[in-house]
Amino acid sequence: MVYHHTEDIQKALLPYRKKNRSIGLVPTMGALHQGHLELIAQSQVENAITVVTIFVNPTQFDNAGDLKKYPRSLSKDVAMIETVPGNFIVFNPSPEHLYEGNVSSKSYDFGGLETEMEGTHRTGHFDGVGTVLNLFFRALKPTRAYFGEKDFQQLQIVKKLVEIEALPVEIVGCSIVRETSGLAMSSRNKRLNEAQLEKATLLHKTLVGASEQFETHSIEAIKKWAVAQFEKNPDVRLEYFEIAETNTLKTASEKKKNTSYRAFLAAFVGPVRLIDNMALN
Ligand code: PAF
């Protein structure tokens, strides 16, 4: 069942709330792929009902063209969710309805998590993500909400958001789902042709190479090596490659003892911007 209005979906959730049964939330922008289905499957196992939001959030796009081209496929998405066993409903509001006529972002201080990597390349992006998730969390009051680690920076920011907004929801991070080629699943992959899909595997290959070198090479040497991989393959334009502390997301130039690190990158294949990341230790 697809709901477009907050009051209607709240009514549908009322019987669960009254019986104290858990509600899982999987926020998406649609154009679903296997990665989303795995988040939904985990939520179905852990909750009495799952709400999947399908909403292309205008406030998190810093590029009007990217927003316009974002793939939209509601009926196909619903058919895909139906293949996952369990009890679900879909929330697909219009921007005007969800934002009550004021489609704009709140300004958040996520303690510095928002100023690294994606934050420096996508102005206002995390304010938009925080604003829309705050609206969903308050309207739907989920017990748990599920996010993929492909957007690892987003996952850390969502954990901070629920702390700032004092929201009683458990944030669950789920592993990245990859194609057999290694390419991280993403709705944006739908905009790539066969040749571009092959070229896009450079992102994952570079992360694997970085993780293999992590114990034996300096961060500076790994970063130089990573940049060189993209210089050799000009069809994939690197925006950034960073090694950052897992918890703070502070980009690192030297390794500290007892600290966990991840590598992060963003690159363009044609006009399509892709991101990926990987644990290094
Ligand atoms: O990861 C996404 O698809 C979006 O950022 C989210 C969490 C659905 C918020 O619009």
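Residues numbered from 1 in each chain as written. Predicted model: local features only at pLDDT ≥ 70, side-chain atom pairs only at ≥ 80, totals over all residues. Heavy atoms only, no water.

Engineer: Help me understand the sheet that holds strand E1 (residues 2-3) in this model?
Structural biologist: Remark on secondary structure: sheet strands pair via backbone hydrogen bonds, oriented parallel or antiparallel. Spatial strand order, E1-E4-E3-E2-E5-E6: 6 strands in an open sheet with parallel pairing. In this open sheet, the two edge strands, each paired with only one partner strand, are E1 and strand E6 (170-174). Note: strand E3 (residues 49-54) against strand E4 (residues 88-91), 4 bridges, orientation parallel. Note on E4: the bridge partner recorded for Thr50 is Phe88. (Pairing = 2+ DSSP bridges. Helix = DSSP H or I, 4+ residues; strand = E, 2+ residues; numbered from the N terminus.)

Engineer: Help me out: how do you make sense of the site of the ligand in this one?
Structural biologist: The environment of the ligand is made up of Pro27, Thr28, Met29, Asn57, Gln60, Val129, Val132, Phe147 and Gln154. Measuring from an oxygen atom of the ligand, one finds a side-chain N or O atom of Gln154 at 2.7 Å. For the ligand, the protein covers 88% of the area, taking 290 Å² as the surface of the free molecule. Within the residue set of the shell around the ligand, elements represented by two or more residues are strand E2 (23-28) and helix H7 (125-140). When grouped by side-chain class, the residues that make up the shell around the ligand number 5 nonpolar, 4 polar and no charged. (Near = heavy atom within 4 Å. Polar contact = N/O pair within 3.5 Å; in protein donor to acceptor, adjacent residues only side chain to side chain. Areas by Shrake-Rupley, 256 points an atom, 1.4 Å probe, with all protein chains shown as cover. Nonpolar A, V, L, I, M, F, W, Y, C, P; charged D, E, K, R; others polar.)

Engineer: Looking at this structure, how should I read the packing of aromatic side chains?
Structural biologist: In this structure the tally under the stated criterion is 7 aromatic pairs. Their ring planes at 50 degrees and their centres at 5.7 Å tell us that Phe214 and Tyr261 sit as a pair that is tilted. Of the two residues, Phe214 sits in the loop between helix H10 (201-213) and helix H11 (219-231) while Tyr261 sits in strand E8 (residues 261-269), which places them 47 residues apart along the sequence. For the pair Phe214 and Tyr261, a shared accessibility class is recorded, and that class is buried. Each member of the aromatic cluster is reached from another via a ring pair, and the members are Phe55, Phe91, Tyr99 and Phe136. Just above the ring of Phe214 sits the side chain of Lys255; from NZ or CZ to the centre is 4.7 Å. (Phe/Tyr/Trp six-rings, centres within 6.5 Å; stacked < 30°, edge-to-face > 60°. Buried < 20%, exposed > 50% of the residue type's maximum accessible area, 1.4 Å probe, protein only. Lys NZ or Arg CZ within 6 Å of the ring centre and 35° of its normal.)

Engineer: I would appreciate a short explanation of the sheet that holds E8 in the present structure.
Structural biologist: In spatial order, the strands read E7-E8-E9; together these 3 strands make up an open sheet with antiparallel pairing. Because the sheet does not close on itself, it has two edges, and the strands there are strand E7 (236-245) and strand E9 (272-279). This sheet shows a mean twist of 15 degrees between the axes of neighbouring strands, independent of strand direction. Taken together, the 9 bridges between E7 and E8 define a ladder with antiparallel strand orientation. Pairing of Tyr240 across the sheet is with Ala266, part of E8. In the packing of H10 onto the sheet, the strands contacted are E7, E8 and E9, and the crossing angle to E9 comes to about 25 degrees. (Axes fitted to C-alpha atoms, helices over the stretch in contact; angles between N-to-C directions. Contact = heavy atoms within 4.5 Å.)

Engineer: In this structure, what is going on with the nonpolar core? I would like to understand it.
Structural biologist: Side chains of a nonpolar character, in soluble globular proteins, are inclined to be buried together. Formed by 43 residues in total, the largest nonpolar core has its most connected members in Val51, Leu133, Phe136, Phe137, Leu140 and Ile171. Excluding its chain neighbours within four sequence positions, the residues that come into contact with Ile171 are Phe137, Ala145, Phe147, Leu155, Val158, Lys159 and Val162. (Core = buried A, V, L, I, M, F, W, Y, C linked by side-chain atoms within 4.5 Å.)

Engineer: Whenever I open this one, the pattern of salt bridges confuses me. Can you help?
Structural biologist: Note on pairing: side chains with opposite charge can pair once their charged atoms come close. Within this structure, the stated rule accounts for 16 salt bridges. Note that Lys106 and Glu165 form a salt bridge whose closest N and O atoms lie 2.7 Å from each other. One end of the pair, Lys106, is in the loop between helix H5 (95-98) and helix H6 (118-121); the other, Glu165, is in the loop between helix H8 (152-164) and E6, with 59 residues separating them in the sequence. With relative accessibility at 40%, the residue Lys106 sits in the partly exposed group. One network of salt bridges, with partners in common, ties together Glu118, Arg122, Glu239 and Arg273. (Salt bridge = Lys/Arg side-chain N within 4 Å of Asp/Glu carboxyl O.)

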